[in-house]
Amino acid sequence: MAWTSEDSNKLYGVSKWGSGYFAVDPGGLITVSPFKDGAAIRIAEVVEEAKARGLRLPLHIRFQDILQDRVRRINEAFTQAIEESGFRGSYRGVFPVKVNQMREVVETLMDAGEAFGLGIEAGSKPELLLALSIHKNGDRLLVCNGYKDDEFLRFALMGRKLGKKVVVVAEKLEEIKALIEVSRELNVRPLIGIRIKLATRSSGKWATSSGEAAKFGLSTVDLLEAVALLEAAGMKDCVSLLHFHIGSQIPDIQVITRSVREGARFYAKLSRMGCPIEYVDVGGGLGVDYDGSRSAVPSSANYSLREYANTIVYGILDVCDEDRVPHPVIVSESGRALVAHHSMIAVEAFGRIKKLNTSKNLVVPKNAPKVVRDILEVRETVDAGHWDEAFHDLAFYRQQAMSLFDLGYLDLQSRAVVESVSWEIAAEIARHYEGKTRMSDEMRELVSGIKDQYLLNFSVFRSLPDAWALGQLFPIVPLQRLSEEPTAKGTIVDITCDSDGKVDSFIGDGEQDNEYLWFHEFDGKPYYLGFFLTGAYQDTLGDMHNLFGRMDEAHVLLDSDEEAGWYIDETIEGDTIREVLEENEYAAAELVRSMKTQIEQAIKADVVRPNEGMRLLAEYEAGLKRYTYLVVDAPGK
Ligand SMILES: *Cc1c(COP(=O)(O)O)cnc(C)c1O
């Protein structure tokens, strides 16, 4: 049967991780529907339009409408849970800016959140100064987490003086003491939050924020002392928020159930001790289903948004009713779930490194050492079924052959035979093991090591830092040709000079990750791939390894007045070479001056002619204004 877009949809899991936003159209293109209502944008067309406007790849694309949609959906999930349960409190979200501090993102969220009273959360002094300025409506919360010095506290209380609902969340006992002093000095009544350490622990890659050994939060002993200190200072009535956060991307709903009940119990007990707590802040952790498996594995989550909201609302309601205390305002600090979907990166493939470098035309020289014939014999017998044995024999003879080469006893012709035949044997063994769940580490390495590597014009360290640092999975899919069957498989390597600059773990069937991705044979036209769900954490965690800078950016908005139904609202040019150099303290003028001196010397020494020298200098100067990434040709020409 002929391959269709639907086959590609299954192969790449698009409708699973795409959760209504991303799909494959019958023409084989990936589309995005920011409001999940059918109004769809073909992403390859956005790339072409951006190129026509002078933008380059890798290209960062933001769908600002998705931010709006996320804000609305998260708020509606809580409102619905509150209505259905008869909970008498309300819900307030705050956006933790550390998840994406880019101005356009924060501003869009604040606008979209106006109707829902979406607040903002800051975890450092720079984030607080950002938040103070952007937070305009006094009714929205401004929650301060993270370690704080006196200066931090002063800035927070400055916000109180301006009538903002700034809540200072104490992460440790000393912060309570400092807050008592600074607020007396400034003569303001603070809104005090207390972060508690829960015993409930999360799992997954971000689990260490939880449990009794966590770096943040007060133990029960400290909590009681904090209340006593505040009481003595006449400030017990300032305690208005109870906070806990057990980690990001919580994969398992059971963990949320347990932590919410444990946290709500703290709230209830403190209320009964006379602390007039108004807000219970359940932190972040709402998971994003990056691999589409809807399971309790690190890159997924085994619950929906609706189940998440229900779990929190019913959990708090139960505990409050048991302890006969008022229903609080529920605050959540979802960052990842708000922003992950809205942004993606389009990259261009520009080549393939063929791993199976074999040739049928090689002849074994007459005088070749015995080891060459030994290896040929392994090839003859490899398919007899003793796969591991064949692998070990191969390793042994190869080692022998390489030693002989080093000593001068193996000619190039023989070495070529050894390499070519080794690849053939390795391929045969890998074919046997591929897709098997049980195999030794050396076999796993063989199976993935034998895959072709696709060269993509981007830096993992800049664009997908969590894929490198944490082995987090992101959906990666060709943006076009999805109505054709992809017939080649391989891993991805980037353009940094670093062997860690690669992606070799991909979305699998949920049980197991894939060690390769499917590609189409190159046909001489540009071949674009999309990295999806990159809106959370990746934008500002990314670093300048090899001095690859910020990417060009296109912001896309739906608009039914446009013929295509969308337009590029704003473009932002990425870093130039000059900018990344200056960030590392190289003044462009100095660099140019030094080049000029060297060129003048070369002219004097008659190494270059004056005309040529001046042209070189002009080229160098122009080069400083260029993009940090490669200018590549379409592969397969
Ligand atoms: C990082 C962080 C968050 C955001 O968590 P997500 O899992 O991205 O929603 C919320 N609260 C605190 C205290 C954090 O440190």
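Counting of residues starts from 1 at the beginning of each chain's written sequence and follows it residue by residue. Totals for whole chains, interfaces and linings use all residues, but because this is a predicted model, local features are given only for residues with pLDDT of at least 70 and pairs of side-chain atoms are given and counted only at 80 or more. To get the side-chain values, all heavy atoms of the structure are used, and hydrogens and water are removed first.

Notes on the overall build of the protein
(1) Moving on: The helix count covers DSSP runs of H or I at least four residues long, the strand count covers runs of E at least two residues long, and both are numbered beginning at the N terminus. When helices and strands are counted, the protein shows 22 helices and 21 strands.
(2) Moving on: For the protein, the C-alpha atoms occupy an extent of roughly 95 × 70 × 55 Å along the three principal directions.
(3) Moving on: The buried label goes to any residue with under 20% of its type's maximum accessible area, the exposed label to any with over 50%, and the partly exposed label to all in between, with areas taken from a 1.4 Å probe on protein chains only. A total of 637 residues make up the protein; the buried ones form 54% of that total.
(4) Moving on: Only the protein chains shown count as covering a residue, and every accessible area follows the Shrake-Rupley method with a 1.4 Å probe. With the model as given, the accessible surface of the protein reaches about 28400 Å², and the carbon-plus-sulfur share is 49%.

Looking at helix H22 (residues 610–623)
(1) Moving on: Given a rise of 1.5 Å per residue, 14 residues ought to cover 20 Å, and the 20 Å separating the end C-alpha atoms of H22 matches this to within 8%.
(2) Moving on: Residues of H22 that are buried: Gly613, Leu617 and Gly623. An end-on view of H22 places all buried positions within 125° of arc, on one side of the element. Residues of H22 that are exposed and angled more than 90 degrees away from the buried face: Asn611, Arg615 and Glu619.
(3) Moving on: Should any heavy atoms of two residues lie within 4.5 Å, those residues are considered in contact. Check the buried side of H22 and you find it contacts helix H20 (577–583) and helix H21 (588–604). To estimate how far a helix should reach, multiply one less than its number of residues by 1.5 Å. By arc we mean the arc of the directions from the helix axis to the C-beta atoms, nothing more.

With respect to a negative patch on the surface
(1) Moving on: A contiguous patch of negative charge, built from Asp388, Glu389, Asp393, Asp441, Glu442 and Glu445, is present on the exposed surface.
(2) Moving on: At the level of elements, helix H14 (387–406) and helix H16 (441–449) are the ones that each hand at least two residues to the negative patch.
(3) Moving on: Under the relative-accessibility criterion, aspartate 388 is labelled partly exposed at 30%. What makes a patch is a set of residues exposed beyond 30% relative accessible area and free of salt bridges, joined within 9 Å when like-charged and within 5 Å when nonpolar (Val, Leu, Ile, Met, Phe, Trp, Tyr). One side-chain nitrogen of Lys or Arg within 4 Å of one carboxyl oxygen of Asp or Glu is enough to make a salt bridge. Positive charges come from Lys and Arg alone, negative charges from Asp and Glu alone, with His and the N- and C-terminal ends not counted. Lysine's charge is taken at NZ, arginine's at CZ, aspartate's at CG and glutamate's at CD.

A look at the packing of H14 against H16
(1) Moving on: Here H14 crosses H16 at 75°, and the two axes come no closer than 12 Å. The angle between H14 and H16 places the two elements in the roughly perpendicular class. In this structure, H14 uses Trp387, Asp388, Phe391 and His392 to contact H16, whose residues at the interface are Glu442, Met443 and Leu446.
(2) Moving on: Each residue receives one of three labels: charged for Asp, Glu, Lys and Arg, nonpolar for Ala, Val, Leu, Ile, Met, Phe, Trp, Tyr, Cys and Pro, and polar for the others, Gly being one of them. When grouped by side-chain class, the residues that make up the contact of H14 with H16 number four nonpolar, one polar and two charged. Axes here mean lines fitted to C-alpha atoms, for a helix over just the part in contact, with angles spanning 0 to 180 degrees between N-to-C directions. Each angle receives one of four descriptions, namely roughly parallel if under 35 degrees, roughly antiparallel if over 145, roughly perpendicular if within 65 to 115, and oblique otherwise.

A word on the domain arrangement of the protein
(1) Moving on: For every domain, the bounds stem from an assignment made automatically or drawn from a database. Split by domain assignment, the protein resolves into domain 1 (5–53), domain 2 (64–338), domain 3 (370–448) and domain 4 (579–623).
(2) Moving on: Put simply, the middle of domain 1 and the middle of domain 4, counted by C-alpha atoms, are 46 Å apart.

Description of the pairing of strand S4 (residues 59–63)
(1) Moving on: Counted residue by residue, S4 has five buried out of five residues, so it is predominantly covered.
(2) Moving on: Strand pairing is defined by DSSP finding a minimum of two bridges between the two strands. In this sheet, strand S20 (residues 552–558) lies alongside S4 in parallel orientation, the contact comprising five bridges. Across the sheet, leucine 59 pairs through a bridge with aspartate 552, a residue of S20.

Remarks on helix H6 (residues 125–134)
(1) Moving on: Of the residues making up H6, those classed as buried are Glu127, Leu128, Ala131, Leu132 and Ile134.
(2) Moving on: Contacts from the buried residues of H6 go to helix H5 (103–112), strand S6 (119–122), strand S7 (141–144) and helix H7 (150–161).

Observations regarding the site of the ligand
(1) Moving on: Only a single heavy atom is needed: when it lies within 4 Å of a molecule or strand, its residue is near that molecule or strand. Not every one of the 17 residues close to the ligand is listed here, only the nearest: Lys98, Ser248, Glu333, Gly335 and Tyr537.
(2) Moving on: One of the side-chain nitrogen or oxygen atoms of lysine 98 is found 2.6 Å away from an oxygen atom of the ligand.
(3) Moving on: One nitrogen or oxygen atom from the side chain of serine 248 is found 2.5 Å from an oxygen atom belonging to the ligand.
(4) Moving on: For the ligand, the protein covers 91% of the area, taking 390 Å² as the surface of the free molecule.
(5) Moving on: The residue inventory of the shell around the ligand, partitioned by class, reads three nonpolar, nine polar and five charged. In protein, a polar contact means a hydrogen-donor-capable atom and an acceptor-capable atom, both N or O and within 3.5 Å, with residues adjacent in sequence counting only if both atoms are side-chain atoms; elsewhere, any N or O pair within 3.5 Å suffices.

What about the sheet that holds strand S1 (residues 22–24)?
(1) Moving on: Within the open sheet, the three strands sit side by side as S1-S2-S3. Their pairing is antiparallel. Each edge of the open sheet is held by one strand with a lone partner, namely S1 and strand S3 (41–42).
(2) Moving on: Pairing analysis gives two bridges linking strand S2 (residues 30–32) to S3, with the strands arranged antiparallel. When the bridges of S3 are listed, valine 32 appears paired with isoleucine 41.

Considerations on the sheet that holds S6
(1) Moving on: In space, the eight strands of this closed barrel follow the order S5-S6-S7-S8-S9-S10-S11-S12, with parallel pairing throughout. In this sheet, neighbouring strand axes are inclined to one another by 25° on average, regardless of whether the strands run parallel or antiparallel.
(2) Moving on: Of the pairings in the sheet, the one linking strand S5 (residues 91–96) to strand S12 (residues 329–332) comprises three bridges and is parallel in character. Counted as the bridge partner of tyrosine 91 is isoleucine 330 from S12.
(3) Moving on: Against the sheet, helix H4 (residues 64–85) engages S5 and S12, with an angle of about 155° to S5.

Details of the environment of asparagine 187
(1) Moving on: Within the element layout of this structure, asparagine 187 appears in the loop between helix H8 (173–186) and strand S9 (191–195).
(2) Moving on: C-alpha of asparagine 187 to C-alpha of tyrosine 627: the two residues are 440 residues apart in sequence and 52 Å apart in space.

Thoughts on the environment of lysine 502
(1) Moving on: Within the element layout of this structure, lysine 502 appears in strand S17 (residues 502–503).
(2) Moving on: A sequence separation of 438 residues divides lysine 502 from glutamine 64, and the C-alpha atoms of the two residues are 29 Å apart.
(3) Moving on: Excluding residues that lie within four positions of it along the chain, lysine 502 makes contacts with Val460, Ile492 and Val493.

Some words on the packing of helix H10 (residues 253–272) against helix H11 (residues 305–323)
(1) Moving on: Relative to each other, H10 and H11 sit at 35°, their axes nearing to 9 Å. Regarding H10 and H11, the two cross each other, and that crossing is right-handed. Where H10 approaches H11, its residues Ile253, Ile256, Thr257, Val260, Arg261, Ala264, Arg265, Tyr267, Ala268, Lys269 and Arg272 are matched on the opposing element by Glu307, Tyr308, Thr311, Ile312, Tyr314, Gly315, Ile316, Asp318, Val319, Cys320, Glu322 and Asp323.
(2) Moving on: Here the contact of H10 with H11 is built from residues that sort into 12 nonpolar, three polar and eight charged. Put simply, a crossing is left-handed when the front helix is turned counterclockwise from the back one by less than a right angle, and right-handed when it is turned clockwise.

Examining the pattern of salt bridges
(1) Moving on: In total, this model carries 42 salt bridges according to the counting rule given.
(2) Moving on: Salt-bridge contacts for aspartate 552 lead to arginine 56; the nearest nitrogen and oxygen are separated by 2.9 Å. Of this pair, aspartate 552 sits in strand S20 while arginine 56 is found in the loop between helix H3 (43–52) and S4, placing the two residues 496 residues apart along the sequence.
(3) Moving on: Owing to a relative accessible area of 0%, aspartate 552 belongs among the buried residues under this scheme.
(4) Moving on: On the basis of relative accessibility, which here comes to 26%, the residue arginine 56 falls in the partly exposed class.
(5) Moving on: Across the salt bridge formed by glutamate 428 and arginine 431, the nearest N and O atoms sit 3.2 Å from each other. A residue pair is termed a helical-turn pair when its members lie 3 or 4 positions apart in one helix, as glutamate 428 and arginine 431 do in helix H15 (residues 412–433) at three residues.
(6) Moving on: The exposure class assigned to glutamate 428 is partly exposed, which follows from its relative accessible area of 25%.
(7) Moving on: Look at the salt bridges and you will find they share partners, linking Arg62, Asp539, Arg550 and Glu553 into a network.

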